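Close look at the chain arrangement
Residue strings, one per chain:
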Amino acid sequence: MAVIAEKTSSRRDFLYLATGAVGAAGVGAAVWPLLDQMNPDRSTIASGVPIEVNLAPIAEGQIISIFWRGKPIFIRHRTAQEIAAEEATRLSDLMDPQADADRVKAGKAQWLVVYASCTHLGCIPLGKQGDWGGWFCPCHGSQYDASGRVRHGPAELNLPIPPYAFVDDKTIRIGEA
Ligand code: FES
């Protein structure tokens, strides 16, 4: 069962940590303050300008969620096993065929950045759940793999990828392609 720990300060609507099946709420709690310190203030978020996110505190296997322009975004630090599984998936097995390599930045396959809204009716899916270990949407049962590709309906489309770019190895800027 996924656990979502909400922040209680004035910036509570910006960032929350989805520990999902990482299985260690304690890990999430420990990482939280680090993430919080790295992120922009409320006025920056509200302005909709690009934001930078420090990836360094996100452990392998962990998923965090941030809000940008009022929309939730998942950042997933994928394991080697998850990457191998997604790269090996045949396009013919996919409902919305797209290669894993086309959903991550070259040389950065460990980082998946996707909008966190189910493409059916917009619920926020739960990380590391479902038959493909990606996300499970509790509203009507859609499932996604660890590439954010839809594997079971009623959703028909993959989780979209927001515009983002790597500033350096451990920093992304969301809002710029
Ligand atoms: S909103 Fe996700 S399955 Fe309907």
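Residues numbered from 1 in each chain as written. Predicted model: local features only at pLDDT ≥ 70, side-chain atom pairs only at ≥ 80, totals over all residues. Heavy atoms only, no water.

Per an unreviewed UniProt entry, the protein carries the name Ubiquinol-cytochrome c reductase iron-sulfur subunit and comes from Rhodoplanes roseus. Per its UniProt entry, the protein bears the Subcellular location (unreviewed entry) comment "Cell membrane". Under the UniProt heading Subunit (unreviewed entry), the note attached to the protein is "The main subunits of complex b-c1 are: cytochrome b, cytochrome c1 and the Rieske protein." (UniProt positions renumbered as here; feature names shortened; annotations may be inferred.)

**Digging into the overall build of the protein**
Each helix and strand counted, the protein has 3 helices and 12 strands in total. Taking all 177 residues of the protein together, 47% fall into the buried category. Once local pairs closer than 6 in sequence are excluded, the contacts in the protein between residues at least 24 apart make up 53%. For the protein, the exposed surface amounts to about 8100 Å²; the carbon and sulfur share of it is 54%. (Helix = DSSP H or I, 4+ residues; strand = E, 2+ residues; numbered from the N terminus. Buried < 20%, exposed > 50% of the residue type's maximum accessible area, 1.4 Å probe, protein only. Contact = heavy atoms within 4.5 Å. Areas by Shrake-Rupley, 256 points an atom, 1.4 Å probe, with all protein chains shown as cover.)

**Focus on the sheet that holds strand β8 (residues 135-136)**
With respect to topology, 4 strands assemble into an open sheet ordered β7-β8-β9-β10, the strand pairing being antiparallel. One side of each edge strand has no neighbouring strand; the edge strands of this open sheet are β7 (126-127) and β10 (150-152). In this structure, β7 lies alongside β8, joined through 2 bridges in antiparallel fashion. Across the sheet, G127 pairs through a bridge with W135, a residue of β8. (Pairing = 2+ DSSP bridges.)

**Structural notes on the environment of I51**
You can see I51 is positioned in strand β3 (residues 51-54). Residue classification places I51 among the buried positions, given a relative accessible area of 1%.

**Looking at the packing of aromatic side chains**
Counted according to the given criterion, the structure contains 2 aromatic pairs. Note that K71 overlies the ring of Y115, its terminal NZ or CZ placed 5.6 Å from the centroid. (Phe/Tyr/Trp six-rings, centres within 6.5 Å; stacked < 30°, edge-to-face > 60°. Lys NZ or Arg CZ within 6 Å of the ring centre and 35° of its normal.)

**Section: helix α3 (residues 80-88)**
Looking only at α3, the buried set comprises E82, I83 and E86. Mapping the buried residues of α3 onto a view down its axis gives an arc of 100°, with all of them on the same face. Facing away from the buried side of α3, by more than 90 degrees, are the exposed residues A80, Q81 and A88. The secondary structure elements touched by the buried residues of α3 are β5 (71-77). (Arc of directions from axis to C-beta.)

**What to know about the pairing of β5**
Counted residue by residue, β5 has 6 buried out of 7 residues, so it is predominantly covered. Taken together, the 6 bridges between strand β4 (residues 63-68) and β5 define a ladder with antiparallel strand orientation. The residue of β5 that forms the bridge with I66 is I73. In this structure, the hairpin formed by β4 and β5 is closed by a connection of 2 residues, where R69 is found at a positive phi of approximately 50°.

**A few points about the confidence of the model for the protein**
On average, the protein scores 81 in pLDDT, and the residues at 70 or more come to 73%. With pLDDT under 50 throughout, residues 1-38 is counted as low confidence; its partners more than four residues away or in other chains account for 77 contacts. (pLDDT = per-residue confidence, 0-100.)

**Digging into the sheet that holds strand β11 (residues 164-168)**
Reading across the sheet, the 3 strands line up as β3-β12-β11 and stay open at both edges, with antiparallel pairing between neighbours. Two strands bound the open sheet, and with one partner strand each, they are β3 and β11. When strand polarity is set aside, the average angle formed by the axes of neighbouring strands in this sheet is 30°. (Axes fitted to C-alpha atoms, helices over the stretch in contact; angles between N-to-C directions.)

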